[in-house]
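# Chains, contacts and geometry: an overview
Residue-level listing of the chains:
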Amino acid sequence: MPEIRPEIRTFPCRSDNIGVLMRDPETGACAAIDVPEAAAVLRALDETGWRLTDILVTHRHGDHVEGIPEVKARTGARVTAPAKAGGAVPQVDATVREGDVVTVGSLAAAVWETPGHCDDHVTYWFEEAGIAFAGDTLFTLGCGRVLEGPPQVLWRSLARFLPLPDETVIYSGHDYVLSNASFALAAEPENRNLKDRAALAETAKAEGRFLVPTTLGEEKATNPFLRATEPALARAVGMEPGADPAAVFTALREWKNRF
């Protein structure tokens with residue numbers, strides 16, 4: 001069976017959100033990953049000529065769902081949201097939990113519950129396409145804030161990404177790349193790969209671009225929150241090499257909160 005390569009369009013929304021449209025070229029089905037802002041999503045649809053069939057919600061926060069009513073009214077798209085979001089997501093047609101599968105045309109995604117940023121957060125893992133929509137769990141060079149539950153919960157969610165192929169493409173919900181790069185360099189200043197990526201992020205920003213998507217391989221080499229098993233990161237937070245990765249992650253996240 002030939003590999004299915006979806007068409008992807010990314011675009012800025014609000015102040016620092018990133019909108020994403022994904023289209024299945026076989027069927028024409030198209031999904032928006034969250035709707036941070038109706039105008040931006042509708043504009044991207046007009047520019048591409050794509051017909052929106054689905055809205056896949058990663059979590060209930062307003063900056064990811066507030067545009068749903070207007071976009072659904074215009075397009076009739078089916079809204080799929082985490083079951084644990086309860087009634088916080090507007091106009092939901094279907095809810096999903098860990099282990100469920102969602103389809104966009106011929107494209108299929110496994111639903112992962114990835115709590116930590118918030119209890120209801122999910123990631124959509126399109127294995128055949130090699131794409132993960134990570135919302136506010138995993139960012140380029142960073143991770144989401146811990147808003148619900150202990151930090152160890154978010155570490156467990158992040159650790160689920162580590163066994164995926166390095167070429168896995170990761171889409172996140174915000175462009176925090178420059179601030180994330182600054183923190184990452186403070187935590188691991190001798191990381192040559194990180195220095196190169198930070199410089200690339202500066203260039204991209206100057207050119208009006210952002211380093212989203214990223215790849216898992218790039219993140220494993222440069223993202224401190226995925227590198228909690230590395231001795232350099234343990235030392236950066238005053239722990240011995242070989243310290244519990246969850247404890248290292250917790251210290252890194254608390255440091256970033258104050259950074």
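Residues numbered from 1 in each chain as written. Predicted model: local features only at pLDDT ≥ 70, side-chain atom pairs only at ≥ 80, totals over all residues. Heavy atoms only, no water.

Test applied: UniProt positions are given in the numbering used here, feature names are shortened, and annotations may be inferred rather than shown by experiment.
Going by what an unreviewed UniProt entry lists, the protein is known as Hydroxyacylglutathione hydrolase and is assigned to Methylobacterium terrae. Under the Function (unreviewed entry) heading, UniProt states for the protein: "Thiolesterase that catalyzes the hydrolysis of S-D-lactoyl-glutathione to form glutathione and D-lactic acid."

## Concerning the overall build of the protein
To keep it simple, the criterion reads: Note on conventions: DSSP H or I runs of at least 4 residues are helices, E runs of at least 2 residues are strands, and numbering of each starts at the N terminus. Type-normalised accessible area, obtained with a 1.4 Å probe on protein chains alone, sets the label of each residue: buried when under 20%, exposed when over 50%, and partly exposed for intermediate values. Two residues form a contact once any of their heavy atoms are found within 4.5 Å. Surface accessibility follows the Shrake-Rupley procedure with a 1.4 Å probe radius. Residue values consider only the protein chains on display as shielding. Counting rule for charge: Lys and Arg are taken as positive, Asp and Glu as negative, and neither His nor the chain ends is counted. Lysine's charge is taken at NZ, arginine's at CZ, aspartate's at CG and glutamate's at CD.
On a plain count of helices and strands, the protein comes out with 9 helices and 14 strands. Taking the principal axes of the C-alpha coordinates as reference, the protein spans close to 55 × 40 × 40 Å. Here the protein holds 259 residues, and 54% of them are scored as buried. Put simply, of all contacts in the protein between residues at least 6 apart along the chain, 59% involve residues at least 24 apart. As displayed, the protein has an accessible area near 10,800 Å², and 48% of this comes from carbon and sulfur atoms. Computed over 26 positive and 37 negative side-chain charges, the inter-centroid distance for the protein is 2 Å.

## Describing the domain arrangement of the protein
Quick note on the threshold: For every domain, the bounds stem from an assignment made automatically or drawn from a database. The salt bridge criterion pairs a side-chain nitrogen of Lys or Arg with a carboxyl oxygen of Asp or Glu, the two atoms within 4 Å. Polar contact criterion, stated in full: a pair of N or O atoms within 3.5 Å, where within protein one must be able to donate a hydrogen and the other to accept it, and residues adjacent in sequence count only if both atoms are side-chain atoms.
Split by domain assignment, the protein resolves into domain 1 (7-172) and domain 2 (177-209 + 220-257). On a C-alpha basis, the centres of domain 1 and domain 2 stand 25 Å from each other. For the interface between domain 1 and domain 2, the tally reads 1 salt bridge. Residue Asp166 pairs with Lys220 through a salt bridge whose shortest N-O separation is 2.8 Å. Viewed at the interface, domain 2 and domain 1 are joined by 7 residue pairs in polar contact (both at pLDDT 80 or more).

## Points about the UniProt feature "domain: Metallo-beta-lactamase" (unreviewed entry) in the protein
Cross-referencing UniProt, the feature "domain: Metallo-beta-lactamase" (unreviewed entry) maps to residues 16-174 in the present numbering. For residues 16-174, the helix share is 20%, the strand share is 32%, and the end-to-end C-alpha distance is 6 Å.

## So, helix H1 (residues 38-48)
Residues three or four positions apart in an α-helix share a direction because the helix packs 3.6 residues into each turn. Those residues of H1 not exposed but buried are Ala38, Ala40, Val41, Leu42, Ala44 and Leu45. Packed against the buried residues of H1 are strand E1 (7-13), strand E2 (17-23), strand E3 (30-33) and helix H3 (68-75). A positive phi of about 75° marks Gly49, the residue just after H1.

## Details of helix H5 (residues 177-187)
Rules: In this context, the arc is that of the directions from the helix axis out to the C-beta atoms.
Every buried residue of H5 is listed here: Val177, Asn180, Ala181, Phe183, Ala184 and Ala187. End-on view of H5: buried residues confined to an arc of 165°, all on one side of the axis. Those residues of H5 that are buried lie in contact with strand E11 (138-139), strand E12 (142-143), helix H6 (192-206), helix H7 (216-222), helix H8 (231-236) and helix H9 (245-258).

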